[in-house]
Amino acid sequence: MKFDTRCVRATIDPDPSTGAIVPPIFQSATFVLPGVGESLGYDYTRSSNPTRFQLEKMIAAIEGLEYGVAYASGMSAVDAIFKLMKPGDHVVSSDDIYGGVSRLFNQILVNYGIEFTYVDSSYPEQVEAAMRPETKMLWIETPTNPLLKVTDLKAMSKIAKAHNALFGVDSTFATPALLRPAEWGADIVMHSTTKYISGHNQIIGGIVMTDNEDIHEHLRFIQRAVGAVPSPFDCWLTMLGVRTLSLRMQRHSDNAMKVATYLEAHPKIARVAYPGLESHIRHDVAKRQIDGFSGMISFELKGGIPAGVALLNNVKLCALAESLGAVETMITHPASMTHAAVPKEEREARGLTDGLARLSVGIEDVNDILEDLESALTKV
Ligand SMILES: *Cc1c(COP(=O)(O)O)cnc(C)c1O
């Protein structure tokens, strides 16, 4: 099956007992056993549930990987991956990662003896220099949040292999419709399914995929032992989203390219970060590596915090909301919202300037999005 067909049809067969074309939801906590020591494959939903298994198989099939393990959130998916680490292990990570992931690393996992080094992974030489004998994981987000840095995954895979480290990729921003990191050498691929994969702001979820049987067994064990599992209903809602993933990602990418081009030419905007623009420093890598540039754009307004606040208070169609990757266009201003607690000097050092805004371009008619931005920018 070709990719677009896999999105719509992979693992979706008519229900054998009724012919229902949409799979039923097994919203059940437990399963009756035919006899002591026997089962029909399921016993208790924390360990196994048919709807969850179907979601896991479906996304793994789309990603082109053998195994998928679903979690109750993207964060619990990342947490499960890092439970592969032991005290004394060292991790090299992209510096511009999702805020929740850096909080997990810096405020929780460090207390369990895991050490982190952050590098700008768009420069492979910085990654190479950070590797140590005790480095057990190279953790890459691409494109990154919120600065849309792009990392050359093939170069990362070479470095990880040379140092006997696992290579994990948070591929939430690209999705398997645009990028399949395992094809570039990743051992572990993770998504917050909350975002593009489910696509409609309807659930919170995460998934981890691999071809490695030992890693899969470990992830399965953590899933059962810790119990951060998504509900059967959430799994079912996620599957509905997956079926239109390919179509949505094309529209997100087309719309975002037009919005990024418009913003780059606007006199009130200092710079735009979008991997599809020729001005992006890793545009060549992005072009080679991904089949579309996705819907995320960040841009810097010339007027700092007041300009950001004015823009966000004057948009109407663009929703002022955290999160990303859904059908609606959403906008955030990191300096006054997601990163308000980070001291200004640290923000600036990380490139999260006061005028930075992040746009998750939806699948509306792009002219409506452009009109909304145009009218809000006149008030900035
Ligand atoms: C949202 C997000 C996460 C965390 O996922 P949740 O589903 O919110 O727990 C991790 N990584 C990236 C890149 C994200 O965008």
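What counts as what
Residues numbered from 1 in each chain as written. Predicted model: local features only at pLDDT ≥ 70, side-chain atom pairs only at ≥ 80, totals over all residues. Heavy atoms only, no water. 1 Å grid on protein atoms, 1.4 Å probe; cavity = no way out; pocket = protein on both sides within 12 Å on 5 of 7 lines; lining within 4 Å. Points joined across faces, edges and corners; volume = space filled by probe spheres on them. Helix = DSSP H or I, 4+ residues; strand = E, 2+ residues; numbered from the N terminus. Nonpolar A, V, L, I, M, F, W, Y, C, P; charged D, E, K, R; others polar. Near = heavy atom within 4 Å. Polar contact = N/O pair within 3.5 Å; in protein donor to acceptor, adjacent residues only side chain to side chain. Areas by Shrake-Rupley, 256 points an atom, 1.4 Å probe, with all protein chains shown as cover. Salt bridge = Lys/Arg side-chain N within 4 Å of Asp/Glu carboxyl O. Buried < 20%, exposed > 50% of the residue type's maximum accessible area, 1.4 Å probe, protein only. Pairing = 2+ DSSP bridges. Contact = heavy atoms within 4.5 Å. Domains from an automatic or database assignment. Phe/Tyr/Trp six-rings, centres within 6.5 Å; stacked < 30°, edge-to-face > 60°.

**A few points about empty space enclosed by the protein**
Over the atoms rolls a probe the size of a water molecule, and in doing so it shows where empty space is left.
And step 1. On inspection of all chains with the given rule, the structure shows two cavities of 30 Å³ or more.
And step 2. Empty space within the largest cavity amounts to approximately 50 Å³.
And step 3. In this structure, the largest cavity is lined by 14 residues; those nearest its centre are L55, T193, G205, P230 and T238.
And step 4. It is helix α9 (residues 232-242) that contributes the most residues to the lining of the largest cavity, three residues altogether.
And step 5. When its residues are assigned to classes, the lining of the largest cavity shows nine nonpolar, four polar and one charged.
And step 6. Each pocket or cavity is described by its volume, and for the second largest cavity that value is around 40 Å³.
And step 7. Each residue belonging to the lining of the second largest cavity can be placed in one class, and the counts come to six nonpolar, no polar and one charged.

**Considering the site of the ligand**
And step 1. If you check the shell around the ligand, you find 15 residues, and the closest are M75, D170, S192, T194 and K195.
And step 2. G74 is positioned such that a nitrogen or oxygen atom in its backbone is 2.9 Å from an oxygen atom of the ligand.
And step 3. A distance of 2.9 Å is found between an oxygen atom of the ligand and a backbone nitrogen or oxygen belonging to M75.
And step 4. Here the ligand loses 94% of its free accessible area of 380 Å² to cover by the protein chains.
And step 5. Among the residues forming the shell around the ligand, the class breakdown is six nonpolar, six polar and three charged.

**Some remarks on the pattern of salt bridges**
And step 1. Enumeration over the complete set of coordinates arrives at 15 salt bridges.
And step 2. With a shortest N-O distance of 3.4 Å, D120 and K149 are connected by a salt bridge. Highlighted residues: D120 in the loop between β3 (115-119) and α5 (124-130) and K149 in the loop between β4 (135-141) and α6 (153-162), separated in sequence by 29 residues. Per residue, the accessibility class of D120 equals that of K149, and both read buried.
And step 3. A network of salt bridges, in which partner residues are shared, links K344, R347, E348 and D354.

**Here's the deal with the pairing of strand β6 (residues 188-192)**
And step 1. Of all five residues in β6, five are buried; the element is thus mostly enclosed.
And step 2. Summarising the sheet, strand β5 (residues 166-170) and β6 pair through three bridges and their orientation is parallel. From the neighbouring strand, G168 faces β6, where its bridge partner is I188.
And step 3. Bridge count between β6 and strand β7 (residues 206-210): five bridges; the pairing is antiparallel. Along β7, the bridge assignment pairs V189 with M209.

**Some words on α9**
And step 1. Restricting attention to buried positions, one finds in α9 the residues P232, C235, L237, T238, M239, G241 and V242.
And step 2. Close packing links the buried residues of α9 with α1 (3-9), α2 (50-63) and α10 (245-264).

**Topic: the layout of surface pockets**
And step 1. When its volume is computed, the largest pocket comes out at roughly 600 Å³.
And step 2. Y98, G99, G100, T338 and H339 are, among the 25 residues lining the largest pocket, the residues nearest its centre.
And step 3. When residues in the lining of the largest pocket are grouped by element, the largest group, six residues, is from helix α4 (residues 99-108).
And step 4. By residue class, the composition of the lining of the largest pocket is eight nonpolar, ten polar and seven charged.
And step 5. In terms of domain composition, the lining of the largest pocket takes at least three residues from each of domain 1 (3-242) and domain 2 (246-377).

**Describing the packing of aromatic side chains**
And step 1. One pass over the full model with this rule turns up nine aromatic pairs.
And step 2. Arranged with centres 6.4 Å apart and planes meeting at 10 degrees, the rings of F116 and Y118 form a pair that is stacked.
And step 3. Classification of F116 by relative accessible area gives buried; the value is 11%.
And step 4. For the ring pair F233 and W236, a centre distance of 6.2 Å and an interplane angle of 20 degrees mean the geometry is stacked. With F233 and W236 both in helix α9 and three residues apart, the pair spans about one turn of that helix.
And step 5. For F233, a relative accessible area of 39% gives the class partly exposed.

Note that every value here comes from positions in space, so none of it alone points to a role or purpose.
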